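One letter stands for each residue in the lines below.
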Amino acid sequence: MHPTRPFLITNTKLLTNDDKTLIQLDQPPPRNDFQGAQLTGSLLLIHMVVNSTDEIPLLFDPLKFPGKDGNRRYCFTLFTHLAESYNFTYRYIYSDVWGYPQPDGNWSGMVGQIYRREADVGLSAVHYSIQRTKIVDFVGCLDFTRVCFTFLQPKLFGSYKALILPLDKSVWACLLAIILFAIFLLRVTSFYDNTACHNDSWGGSFLLVMAAFAQQGIPDSSNKLATKLLYLSILVVSFLAVVHYNTSILNGLLLPAPNAIQNIEQLIDSDLKVATSNSKYVLYDMTLNDSLTVKLRNKMLKAKFPNNGVFTIKDGLDMLKKGGFALYVMAKEAYPQMHSLFSAAEVGKIVSGLFTLECTIGMRTVFPSI
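Criteria and cut-off values
- Residue positions are counted from 1 within each chain, in the order its sequence is given.
- The predicted nature of this model means local features are confined to residues of pLDDT at least 70 and side-chain atom pairs, given and counted, to a pLDDT of 80 or more, with totals for whole chains, interfaces and linings taken over all residues.
- Hydrogens are left out, water is left out, and the side-chain values use all remaining heavy atoms of the structure.
- UniProt positions are given in the numbering used here, feature names are shortened, and annotations may be inferred rather than shown by experiment.
- Secondary structure counts use DSSP, requiring at least four H or I residues in a row for a helix and at least two E residues in a row for a strand, with both numbered from the N terminus.
- Only protein chains enter the calculation, and the probe is 1.4 Å; a residue is then buried if its accessible area is under 20% of its type maximum, exposed if over 50%, and partly exposed in between.
- Calculation of accessible area relied on Shrake-Rupley with a 1.4 Å probe; when residues are assessed, cover is drawn exclusively from the protein chains displayed.
- Side-chain atoms within 4.5 Å are what join buried Ala, Val, Leu, Ile, Met, Phe, Trp, Tyr and Cys residues into a set we call a nonpolar core.
- Two residues form a contact once any of their heavy atoms are found within 4.5 Å.
- Read the arc as the range of directions from the helix axis to the C-beta atoms.
- The aromatic pairing rule takes the rings of Phe, Tyr and Trp, using the six-membered ring of Trp, and pairs them if the centres are within 6.5 Å, calling planes under 30 degrees apart stacked, those over 60 edge-to-face and the rest tilted.
- When the NZ atom of lysine or the CZ atom of arginine is within 6 Å of a ring's centre and also within 35 degrees of its normal, the charge is said to sit over that ring.
- Each patch is built from residues lacking any salt bridge and having more than 30% relative accessible area; the joining distance is 9 Å for like charges and 5 Å for nonpolar side chains (Val, Leu, Ile, Met, Phe, Trp, Tyr).
- Any Lys or Arg side-chain nitrogen found within 4 Å of a carboxyl oxygen on Asp or Glu counts as a salt bridge.
- Axes here mean lines fitted to C-alpha atoms, for a helix over just the part in contact, with angles spanning 0 to 180 degrees between N-to-C directions.
- In these notes the angle categories are as follows: under 35 degrees is roughly parallel, over 145 is roughly antiparallel, 65 to 115 is roughly perpendicular, and the rest is oblique.
- The sense of a crossing depends on the near helix, which, turned anticlockwise from the far helix by less than a right angle, makes the crossing left-handed and, turned clockwise, makes it right-handed.
- Distance and chemistry together define a polar contact, namely a pair of N or O atoms within 3.5 Å, with one atom able to donate a hydrogen and the other to accept it when in protein, and with adjacent residues in sequence counting only for side-chain atoms on both sides.

- UniProt's Subcellular location (unreviewed entry) comment on the protein is quoted here verbatim: "Cell membrane".

So this is what it looks like as structure tokens:
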């Protein structure tokens, strides 16, 4: 970030890639001139305090307050360029929060200042949301913020899940239904077939079916064609099911293990405990009332963490390192600290389910397009 310098475009040419010749282009269209109009800008600073306009130039100096309010100072620099390019100036008012709806119907922070017409434009990017679009206008996407659940994937192998996950829940349900139906059919045929040796009771029918699925064959014989066809059908179905199951187990041993959690629904259904960082944006996300957020809030309450599951980033990452824990956090806030707490190998094992939010400029429509 640095102060801008005045410049004027007098001639525009295009350098071709083929023969390196210059092609004369038309003159750029004239810029709109605001004729020195003064706009009120809401200057948002979270970690710094500016007491007067005389201290504004300090925001452009990268040696002053390094690492503090970097995103806000970057956006403010862009607005300074706009003011110079289109001939207008700012009168500053200050805010320390982006802006959220209040119980009394008002809005806090920078968005609230624009909503109440105390400011004409917000001098910082702000996340686009449906609620905010109802009271302010948004222009120009400046940045993308990744908000994610960060966690270590649960281990599949070495646990009972390694024997269950090769087949989907619906497949297990179908196999159970087939086993019960096969037992029922064996009992029905036993009333019309007195030549079978072991299909003489419900227990005998159950053992015959289980022997087939255990790949031990059906230790019985019959002179009736219908019974033989039923035995053959059970053997074929059990053979195909067992081959598929064993192949899945073998693939799991030879290939990298699949991720146990691949989406939000699986995270909610998992045994991982869920918490959130204390970032204002993240906390606001957790107040929404869509179905997924409600489920996540209920999962947080079940974990019975102190402070209702709200952690500082450092404390949350310490919990994450122990495993069995997922932290909802802004990626740009978590990753710098993550590299100081985790080794490179551990960082490689961390999974982040990402959700991308646009950071745009909030303003009232008070002047024509520039």
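Next, the rest of the story.
### Some thoughts on the overall build of the protein
- The helix and strand tally for the protein stands at 13 helices and 10 strands.
- Looking at the protein as a whole, 39% of its 370 residues qualify as buried.
- When the accessible surface of the protein is totalled, it reaches about 22,100 Å², and 60% of it is carbon and sulfur.

### Re the nonpolar core
- Counting 31 residues, the largest nonpolar core has Val126, Phe149, Leu267 and Ala326 as its most contacted members.
- Looking at this core, the elements that each hand over two or more residues are helix H2 (109-115), strand S6 (137-152), helix H8 (264-269), helix H9 (280-285), helix H10 (291-303) and strand S9 (325-330).
- At 4 residues, the largest contribution of residues to this core is made by S6.
- Residues in contact with leucine 267, not counting those within four places in the same chain, are Phe149, Ile261, Leu272, Lys299 and Ala326.
- Formed by 18 residues, the second largest nonpolar core is a distinct cluster that contains Phe34, Leu43, Tyr86 and Leu123.

### Brief notes about helix H12 (residues 331-341)
- Within the span of H12, buried status applies to Ala331, Ala334 and Met338. All buried residues of H12 fall inside an arc of 65° around its axis, so they share one side. Turned more than 90 degrees away from the buried face of H12 sit Pro336, His339 and Ser340, all of them exposed.

### Notes on the packing of aromatic side chains
- Under the defined criterion, the tally for this structure stands at 11 aromatic pairs.
- Look at phenylalanine 88 and tyrosine 90: their rings are 5.4 Å apart centre to centre, the planes differ by 90°, and that puts the pair in the edge-to-face class. Note on accessibility: phenylalanine 88 and tyrosine 90 belong to one class, buried.
- Ring centres 5.6 Å apart and planes at 80° place the aromatic pair phenylalanine 305 and phenylalanine 325 in the edge-to-face group. Taken together, the positions of phenylalanine 305 in the loop between H10 and strand S8 (310-311) and phenylalanine 325 in strand S9 put the pair 20 residues apart, joining distant regions of the chain.
- On the basis of relative accessible area, phenylalanine 305 is assigned to the buried category, the value being 14%.
- In textbook terms, an aromatic cluster arises when at least three aromatic residues are bridged by ring pairs, as seen for Phe34, Phe60, Phe76, Tyr86, Phe88, Tyr90 and Tyr92.
- Note that arginine 187 overlies the ring of tryptophan 202, its terminal NZ or CZ placed 5.7 Å from the centroid.

### Concerning a nonpolar patch on the surface
- A surface patch of nonpolar side chains, about 660 Å² in accessible area, is lined by Leu225, Leu229, Leu232, Val236, Phe239, Leu240 and Val243.
- In this fold, phenylalanine 239 is placed in helix H7 (residues 225-254).

### Some thoughts on the packing of helix H11 (residues 313-322) against H12
- At a minimum axis separation of 10 Å, H11 and H12 run at an interaxial angle of 55°. In terms of orientation, H11 lies oblique with respect to H12. The handedness of the crossing between H11 and H12 comes out as right-handed. Between H11 and H12, the contacting residues are Ile313, Lys314, Leu317, Asp318 and Lys321 on the first element and Glu333, Ala334, Gln337, Met338 and Leu341 on the second.

### A closer look at the pattern of salt bridges
- Enumeration according to the criterion identifies 2 salt bridges in this entry.
- A salt bridge links arginine 116 to glutamate 118; its shortest N-O distance comes to 2.8 Å.
- Judged by its relative accessible area of 33%, arginine 116 falls in the partly exposed class.
- The exposure class of glutamate 118 is partly exposed, given its relative accessible area of 36%.
- The partner of lysine 314 in a salt bridge is aspartate 318, with the nearest N and O atoms 3.4 Å apart. Here aspartate 318 and lysine 314 lie together in helix H11, a separation of 4 residues that amounts to about one turn.

### Here we look at the environment of leucine 283
- With respect to the element layout, leucine 283 can be found in helix H9.
- The class for leucine 283 is partly exposed, based on a relative accessible area of 31%.
- Those residues in contact with leucine 283 that sit more than four places away from it in its chain are Thr276, Ser277, Asn278 and Val310.

### Digging into the side chain of threonine 189
- Relative to the helices and strands, threonine 189 resides in helix H5 (residues 169-190).
- Separated by 2.9 Å, the side chain of threonine 189 and the backbone oxygen of leucine 186 make a polar contact.

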